[in-house]
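Spelled out from the first residue to the last, the chains are:
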Amino acid sequence: MSKLPRTLAALALTLAAGLVAAAPADAATGFTPGAPGAGDPYFPDMGNGGYDVAHYDIALKYDPATKSITATTKILASATQNLSRFNLDFLGPLQISDVSVNGRQATYQRTGAQELEITPSRGLRNGQPFTTQVTYSGAPQTIDDPALGISGWVNTSDGGLMLNQPIGAATVYPVNDSPQDKATYTFTITAPEGLTSLANGDPAGSWTKDGWTTARWVMGQPMASELTVIAIGKFTVTDGVTPGGVRNITAIDTTLDTAPGQDADFQNRTATVTDWESSIYGRYPFGSTGGIVDDAHVAYALETQGRPVYDRYGRPGQNPSDGLLAHELGHQWFGDSVTPKRWADIWLNEGFATYSEWLYAEHTGGQSVQASFDETYATDASDDLWQGKVADPGRDHIFDGLVYDRGAMTLHMIRKTIGDDRFFTLLKLWPTVHRHGNASTEDFTTFVKRIAGHANAGQLDALFATWLYSEGKPAL
Ligand code: TRP
Ligand code: ZN
């Protein structure tokens, strides 16, 4: 007789835990901690489980005298399980002074490499929206990873720059640092009068008080944390509209802005590329386009959402090339609007961005796409380009030529298999179907086969097996 009630009690407990418990159920309440990672094989500490962020509201004051910030980040999220506690990612020397959830003081603990473990005063019910507010200050960390380069908070000669791909965001704000948890953002940035503060999205006012200027920026479309940007410094800003009707805000660090006509050139070529790419990839996905030229000293450009950053350190008077603009603006569809589910899928960003360079070169009377393919294919079989798998390059190789150039070659092989009509349909439909979402390599290969009408299914499977999932130089 005593067996039956116990079984029922156990069943009830399992149901109460929602069958998704990331940790053993708390028998008293059925509320359990959210997972401390989002399950990316390359970056197991990044992201967290148990909730879904809708909006970040980051208010940050930057003081160049100390290269420090004081900041409050408010996060609006919804629980996706009954939560007893949850984690955010937060990293480096910033000191937290206060954490509250739904306006009540919460207890917190920083553990591991980048975990901020927050225990609200009462559990959060599955589906319930909740706000978390974290107040903190200090000099944010710059990450210098041997394989991934410089990211996080970068001090420039006249201010600071936040660049987050792939692991930097947690150096500046508490975040669910997974590309799968996109959210809208508000940035309210305060810096000494005379400095300009830029971020993703559209300007929403600026005001000066007691020698400090505050600028507000709003990104109203979902954005992955790896694509958020804050740039503070001396900039000349041009606020225009492309001929196609997209607002276009470009900015150049004044120390780099030394050639006559440089602002107009950067503004105009950004407009031309944005409009041309819209004509082949579909409607521009965000409220504004643009770009930021800064003395970042990081040796790369980055496709920060709606407003890429171009490092022009050591090259005053020089704007980014057409190829680089085509690459970073191409990412707005491929990487930013459609974001990979896992970091292993990053060829879906870089392959398309590199192919954008090839297409734009051909469009402007330069080298044909076929010639770009042939030139790249001619690389010796012993080259690094052919070592590794495009669709699983490994954590330390996500920015390798393999991902970029062989990724673009893979797209060209698909084009040659399915034909130009279907390929250009694909270029437009893929970012339309997955607009503001996430997709994996498997989603992509399935999509290609659907566009091909399953006509070349066997040939396509062989192509994917060779070009995406195998090492070595493929035979043509
Ligand atoms: N994803 C960037 C682009 O292709 C480049 C980039 C970001 C990069 N981080 C990097 C390149 C680190 C080398 C090392 O636009
Ligand atoms: Zn790129």
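Asker: Break down the overall build of the protein chain for me, with residues and values.
Answerer: Each helix and strand counted, the protein chain has nine helices and 24 strands in total. In summary, the protein chain has a C-alpha radius of gyration of 24 Å against a globular reference of 23 Å for 476 residues, a match within 12%. Taken over 476 residues, the protein chain has a buried fraction of 54%. If you take every contact in the protein chain between residues at least 6 apart in sequence, the share linking residues at least 24 apart comes to 68%. Each charge class in the protein chain can be summarised by its mean position, and for the 33 positive and 52 negative side chains these summaries are 9 Å apart.

Asker: Quick rundown of helix α4 (residues 347-363)? Include the residues and the values.
Answerer: Since the α-helix advances by 3.6 residues per turn, residues separated by three or four positions end up pointing in the same direction. The end-to-end C-alpha distance of α4, which contains 17 residues, comes to 23 Å, matching closely the 24 Å that a straight helix rising 1.5 Å per residue would cover. Within α4, 13 of the 17 residues are buried, which leaves the element mostly enclosed by the surrounding structure. Phi turns positive one or two residues past the end of α4, at G365, with a value near 85°.

Asker: Could you give an account of the coordination of the zinc ion (ligand 2), with specific residues and numbers?
Answerer: Around the zinc ion (ligand 2), the donor atoms from the protein are H327 (NE2), H331 (NE2) and E350 (OE), and they sit 1.9 to 2.0 Å away. The site at the zinc ion (ligand 2) holds four donor atoms, and with the angles between them running 100 to 138°, its shape is irregular. All donors to the zinc ion (ligand 2) come from one chain, and their sequence spacing reads H-x3-H-x18-E. With relative accessibility at 0%, the residue H331 sits in the buried group.

Asker: Lay out the side chain of Q81 with the relevant residues and their values.
Answerer: Examined against the element boundaries, Q81 turns out to sit in the loop between β3 (68-79) and β4 (83-89). Of note is the side chain of Q81, whose polar atom sits 2.9 Å from the side chain of T32.

Cut-offs and rules
- Residues numbered from 1 in each chain as written.
- Chains lettered and ligands numbered in written order.
- Predicted model: local features only at pLDDT ≥ 70, side-chain atom pairs only at ≥ 80, totals over all residues.
- Heavy atoms only, no water.
- Helix = DSSP H or I, 4+ residues; strand = E, 2+ residues; numbered from the N terminus.
- Rg over C-alpha atoms; globule rule 2.2 N^0.38 Å.
- Buried < 20%, exposed > 50% of the residue type's maximum accessible area, 1.4 Å probe, protein only.
- Contact = heavy atoms within 4.5 Å.
- Lys, Arg positive; Asp, Glu negative; His and termini not counted.
- Charge placed at Lys NZ, Arg CZ, Asp CG, Glu CD.
- Expected span 1.5 Å × (residues − 1).
- Donors = N, O, S within 2.8 Å, 3.2 Å for Na, K, Ca; no water.
- Tetrahedral: all angles 85-135°; square planar, octahedral: opposite > 155°, others 65-115°.
- Polar contact = N/O pair within 3.5 Å; in protein donor to acceptor, adjacent residues only side chain to side chain.

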